[in-house]
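# Structural characterization, general
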Amino acid sequence: MNNSWIATCGLAILVSCAPAAAASPSAAGLSPTAATQSTFTIPLHDGRIAARDMLTNLCSSLGLNTPHRLQQFDWTINVDTPFARHNLECLAKVTKNVLAADWENDKVTFSVNRAQFETHLHALGKDSERWLREIIDAADIQSSHQFGITCVCRADSRSKLCDLPAGCTHAVVLVHGLDNPGFIWRDIIPILQDAGYAVVRFDYPNDGPIEQSADLFADELRKLREHGVKSVDVIAHSMGGLVTRDLLTRSELYGSNGGGNTSLPAIDRFIMVGTPNHGSEMAHLHPVAELGEQLIRIAALNGTWDGFSADGNGEAEPELFPDSEFLKNLNSRPLPSHTKMTIVAGRWLGSQSSAVQTVSAGIDHALTSEHAPSQVRDFVSQHGLCFKLLTQHLLAKAADDLGDGVVTLDSAKLDGVTDFNVVTANHVGLLFGDPMDSSSSALAIILDRLSKSLPN
């Protein structure tokens, strides 16, 4: 046994963080009734234990989905030496008390602390976010990310509002959610444009205070009104729906009257896709999602690292918790008049979006790109597998009662909104797929609602 054995156990803890997040309603895969301490025993064969058996049992003890790659582990670890036994004694320290081991003549018994694992998961996300920000500061990378409303030319191209078609009086506004740099609109933009709609995007510091984001949205809509746009339809994904609801119902903004005025355009239709109207336990995973967002930004920019990050400092995280003061206040307000509202929620049956695979491949490229800061390349050379599995498994298998894997069906519902639709998709996949198939994508429902008027 050598230091690589210790590194393997530590890496197993880190790699398992992502599937833990989506495997259970709790923040780190720790179910409310599960024991926080458990043990498992691996028999010795000629003084060696099978790495695959050890890691598989570790995942099981933590309540995780076992990574498929573990099936490829066919090597064994020698633990029958004084040095190996010393390393076993150090295991608890290395894994921050998540994993400890006790060696006997013919077996090794491992103790697993699931409560400590939950703490470690949150710390991993926070540390990773700080590390990424430090990398950007060290490399002196300037951000070119734009906040506000911009005219959409193509799915990957935006321009100033003055580029809206001459005489445009109505537009469709896209509002993204928490920790999403905009790739979520990849499929829907060309579909809307082919259907003849003028499309604009509202981008905001997506993990800052929701009320501040709503204030910025109002300011940008005023600019849109100045350009001659008298009415809009809003399509909002995830937390973007809460930003829009705050805009529509706060007294100093629309005041629950979506009809608009001389300074604000009317909001004719408001479509929420995967919006946590009653909060989400997965808000605890914001630090990990933040890491994923920043890596997606890099991948989307072909590994150039330009415009890496410019957003809030996580103030939206506690606001998204179920029964937060923000949500209690928001849900106590009346629904807006004039505005027709539609909700699309997802029921995830375990299929993974092809877009996630595409982004994962882009991230792999970006992390090893020659454009990446040297600190990143050095870090990835040691921990690349952890990052790869983190991005691949952010959307692991979830039970039906988890809704889309992030937002439950009950959380997506909103009293008074009868146009409630459920499709078979995960939280990200809601806006990807066949625009003609309303059973597996929100796209068909969105096109239908935009084309006709329905009662609230």
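Conventions we followed
All residue numbers refer to positions counted from 1 along the written sequence of the respective chain. Predicted model: local features are reported for residues with pLDDT of at least 70 only, side-chain atom pairs are reported and counted for 80 or more only, and whole-chain, interface and lining totals are derived from all residues. Hydrogens and water molecules were not included; the side-chain quantities draw on all heavy atoms of the structure. By this definition, two strands are paired if DSSP reports at least two bridges between them. Helix and strand assignments follow DSSP, with helices taken as H or I runs no shorter than four residues and strands as E runs no shorter than two, numbered in order from the N terminus. Helix axes are fitted only over the stretch in contact, all axes being lines through C-alpha atoms; the angle between N-to-C directions runs from 0 to 180 degrees. Throughout, exposure labels follow a simple rule: accessible area from a 1.4 Å probe, protein chains only, divided by the maximum for the residue type, with under 20% read as buried, over 50% as exposed, and the rest as partly exposed. Orient the strands so they point away from the viewer, and a crossover whose first-strand-to-second-strand path over the helix runs clockwise is right-handed. By convention in these notes, a salt bridge is any Lys or Arg side-chain nitrogen within 4 Å of a carboxyl oxygen on Asp or Glu. A score from 0 to 100, pLDDT tells how confident the predictor is in each residue. Any two residues whose heavy atoms approach within 4.5 Å are treated as being in contact.

### What about the sheet that holds strand β5 (residues 107-113)?
In space, the 3 strands of this open sheet follow the order β1-β5-β4, with antiparallel pairing throughout. Lying at the two open borders of the sheet, with one neighbouring strand each, are β1 (37-43) and β4 (99-103). The mean inter-strand angle of the sheet, taken between neighbouring strand axes irrespective of direction, is 20°. Judged from the 5 bridges that link them, β4 and β5 form a sheet pairing that is antiparallel. Bridge assignment links Trp 103 to a residue of β5, and that residue is Val 108.

### Let's talk about the pairing of strand β11 (residues 266-273)
The element β11 is largely enclosed, with a buried count of 7 among its 8 residues. Regarding the hand of the β-α-β motif, the stretch spanning strand β10 (residues 231-237), helix α8 (residues 239-249) and β11 is right-handed. In the sheet, β11 pairs with strand β12 (residues 340-346) via 5 bridges, with the strands oriented parallel. When the bridges of β12 are listed, Met 272 appears paired with Ile 343.

### Observations regarding the pattern of salt bridges
Within the structure shown, the criterion is met by 12 salt bridges. Between Arg 186 and Asp 187 there is a salt bridge whose closest N-O contact spans 2.9 Å. By relative accessible area, Asp 187 is classed as buried at 18%. Linked by salt bridges that have partners in common, Asp 215, Asp 246, Arg 250, Glu 252 and Arg 333 make up one network.

### Some points on the confidence of the model for the protein
Taken over all residues, the pLDDT of the protein has a mean of 74, while the share at 70 or more is 61%. Confidence, expressed as mean pLDDT per element, reaches its minimum in the protein at helix α2 (residues 17-22) with 37 and its maximum at β11 with 97. pLDDT under 50 marks residues 283-314. Its contacts with residues more than four places away, or in other chains, come to 107 contacts. For residues 350-356, every residue scores under 50 in pLDDT, and the model assigns this stretch 13 contacts once sequence neighbours within four places are set aside.

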